[in-house]
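Below, each chain spelled out in residue letters.
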Amino acid sequence: MSPEAPPGARTRRRRAKSVVTVTLAVATLGASAVAAVPASAQQPIGIGPVPITFHMKDDNGKWFDSGLNLFGDQSLAVAEMPRLGTLGGLTTGGELSSLLNSDLLGAVGNLTQNLLGQVPLLGSLGGELGKALNLDSTLSAVKSIGASNRQAAPAAAKAENLLGQFGQQLATMHADQPLNLNSLPIGLDLQGALNDLAKFAVKGPPVTVNFVVDPKESTGARNPMGLIAPEGAEGFPYDMPGGAFFGQRSIQLTEPGLYAFTDMVTPYMLGAVVVDDPLTIGLDFGKASMVNSRNLVVPTNSDIVNRLVNTFFNITNPNNWQQFKPDSENKFDAIQPPVPILQYDAAGNPVLIPNLDAYFDKKFSYPKTLSKGNQLPATPGVGEVWIDTEVEEWAGKKAVGSATKVNVTNWTVDRKIGAPSINMNNPHNMWTDKDYKYLYQTEWFSNKVDVFDRETGAFVRQTQVGQNPAHVMTEPGSDKLVIGINAGNEVVELAPGGTNVLRKISVSPTGEVRHPHAHWTSADGKTVVTPNVMTNNASVIDMPTGTVRTEKTGQFPIASSMAPDSSRFYTADFLGESITCVSLAEAACADNGQKVHSKTIDLWANYSPQDGPKSGAPFGGLMIQLPVSPDGKALLGANVLSQTVTVVDPRTNKVVKDLPCTAGCHGINFGAKKGGGYYAYVSNKFSNVMQVIDVDPNGDGSIDDAKVAGQLTLDPTATTKMDGSISGKAGYGGQGVLPVPLVYNGWAQQNQGNWRAQLTCQQLNPITQSVC
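Residues numbered from 1 in each chain as written. Predicted model: local features only at pLDDT ≥ 70, side-chain atom pairs only at ≥ 80, totals over all residues. Heavy atoms only, no water.

## Let's talk about the pairing of strand β24 (residues 469-474)
Working step 1: Most of β24 is tucked away, with six of its six residues classed as buried.
Working step 2: Sheet topology places β24 next to strand β25 (residues 481-485); four bridges connect them, and they run antiparallel. Each residue of the ladder has a partner; that of M473, found in β25, is V482.
Working step 3: As consecutive antiparallel partners, β24 and β25 are separated by six residues, and within that stretch G477 has a phi angle of approximately 95 degrees, a positive value. (Buried < 20%, exposed > 50% of the residue type's maximum accessible area, 1.4 Å probe, protein only. Helix = DSSP H or I, 4+ residues; strand = E, 2+ residues; numbered from the N terminus. Pairing = 2+ DSSP bridges.)

Here's what the structure looks like:
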């Protein structure tokens, strides 16, 4: 993988828009169209029976590789919905590029705010306005129908005339202004004329999408599923039977509109297809979207659809990853395609977004000012914290990722283990033994757990455990390792030191495929809980006997944690937009002053999917890791969608507040704060910083004053010890977090010698502080 220029700057953004070459995957209809496509363009272009194909890869930014590159994004494809009678249109290289305005980069790329905060009028495009709004593509389809069907000729002539008038009326509009087409003098007539033409050009066969998982491209098994589809689309949410796979599976897209996909094993991997109706203006999002979260059906101009689309482009385009500078503020401006999008509002009115880039700049306040990367907490921590910088690229190594060590006594990046000698593959989560001799590291995209010497970084051994191992923890007391097999159906127990596999325990008593992810182990080591993303439940494993029971959770539970007394556990319901509390024995989940067996904590209590979040109120979305503090006073949950950390009081199960994180907010774990209390260390996949949160700064037992105490860039410095050299994405990909010494109940009491001497009595006895 080649290194890239650092992402984030406005000047780089304009350069990218002026030099990128766009290829386009278009599915249309008819053998005559195939001949018109240059041979060199055949691979990324699907025509009729030739489908769009996503190759699911390990490469950064190519996780759903469509074979095209849209302004730096390789996870998006565009298909033209086949209509009988529209065999012309988008069949040549020039016309294909025209659909996405790649031939107008110098013009449409500047339809954003100038230095004075002013947004140009669409009329500033002059003679290019029709192309910028895709009116030329619509006109081509109109003429094609009129030429191929004499009965359609009058309607085609009318539509052609109205399209010209329509362009003139839009000239006085601002580029970032959504336009209700029915409010324009010509809008209703134009829509009616295009609808009349559709009667002469009925929809043809569906668009085929293939998902290919080739072991040569992806060392981990994959399991694509649908996140968004137009209302009425058949088969949604495209939940592939049988679990993760190698090979090929296919789906049929039957309706025009926006389709988005994720991988159920690694859900930050995203892909999308826009199926465009040639008889509409702009690229179609459809009238309403089905969102695979809470069974939502929402208008396509709703906040949740636009928020998810913005998140998609910020994740799948590495140029949009946030880069913080250690000692100064920094401008960040996301690249969005400068294309026209057709959405619909709650009243069913067609709403044209003339330029998605300009519109998202306004809606999501781009460009943003990123704070100084290094803002060191006034009080040091104890020991060290390891962050899995999972997407760092290393010279001499095909796979990506490293483990980054931060010395929290002086806030320096002390060491990085890239392990090029073993091609360490996407290191995801870590743990350590009771003597802190070893660093246990999962390879998420492989089938191995690696063991390193924690002090020197030297490689010790490697053990095969099963496909896509995600998280690892030890059992207090026995010091055995427990690893969740994310693409499988089990947890694996290893001997201390990770020397060999002792046993494998299925998480599924019924045999259904569950895909366990981020498990948690109880303080006595006797209970392990796995959140199961495929089945919306959790497995509670009794480790001495290997027996399993199942508890219901919210939708797509991706991570878990336990209260320090092991009375209850929590799951982050990634697509349910909630947290679920479940009792492990007697009722232990607080619910308005009562104790109940289970309790759902709503992260969208202050969020309207149509209108957006309530100003000043907590809002979380797409939550991942959510540990409970060792003393049981706070639960923190990392939210990808809202880029916030939700602060919950687990004693009441009420949301207290939000704190900011950065792009791809993912991992959290608690470590000791010098002199008493705890720091929570927060990792971020798509920025190069970690945050440090103090949940109780004044030590009064209340978490109302929880705050971000500091921030640190994760790039190497001149003093960072490394076992190789970084070739790209330095500091990025923050996922697993491991503070040393361990301070959770069950592990804290095992601290010995110098480690024990650095902790207060309360930190050594997190829930039995009466002994102090």
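## Let's talk about unusual backbone geometry
Working step 1: The amide bond that connects F236 to the next residue, P237, takes the cis arrangement and shows omega of 15 degrees.
Working step 2: Inspection of the secondary structure assignment puts P237 in the loop between β5 (224-230) and β6 (247-253).
Working step 3: The phi dihedral of H515 falls on the positive side, at around 55 degrees, and the residue is not glycine.
Working step 4: You can see H515 is positioned in the loop between β27 (501-506) and β28 (520-521).
Working step 5: By relative accessible area, which is 0% here, H515 ends up buried.
Working step 6: One non-glycine residue, N592, lies in the positive phi region at around 55 degrees.

## A look at helix α8 (residues 187-198)
Working step 1: With 12 residues, α8 ought to run about 16 Å at 1.5 Å a step, and its terminal C-alpha atoms sit 17 Å apart, in line with that.
Working step 2: The set of residues buried in α8 consists of G187, L190, Q191, A193, L194, L197 and A198. Looking straight down α8, one finds that the buried residues subtend no more than 160 degrees of arc, so they occupy a single side.
Working step 3: The inward-facing, buried residues of α8 abut α6 (135-148), α7 (153-170) and β14 (350-353). (Expected span 1.5 Å × (residues − 1). Arc of directions from axis to C-beta. Contact = heavy atoms within 4.5 Å.)

## Comments concerning empty space enclosed by the protein
Working step 1: Applying the stated criterion to the full structure yields four cavities of 30 Å³ or more.
Working step 2: Put simply, the largest cavity is a space of about 490 Å³.
Working step 3: Around the largest cavity sit 43 residues that line it, and L227, A260, L270, L308 and F312 are the ones nearest its centre.
Working step 4: Broken down by secondary-structure element, the contributors of at least two residues to the lining of the largest cavity are β2 (76-80), β5, β7 (257-263), β8 (270-276) and α9 (303-316).
Working step 5: The dominant element in the lining of the largest cavity, judged by the number of residues it contributes, is α9, at seven residues.
Working step 6: Approximately 140 Å³ is the volume attributed to the second largest cavity.
Working step 7: Lining the second largest cavity are 17 residues, with N429, H471, W520, Q625 and N669 sitting closest to its centre. (1 Å grid on protein atoms, 1.4 Å probe; cavity = no way out; pocket = protein on both sides within 12 Å on 5 of 7 lines; lining within 4 Å. Points joined across faces, edges and corners; volume = space filled by probe spheres on them.)

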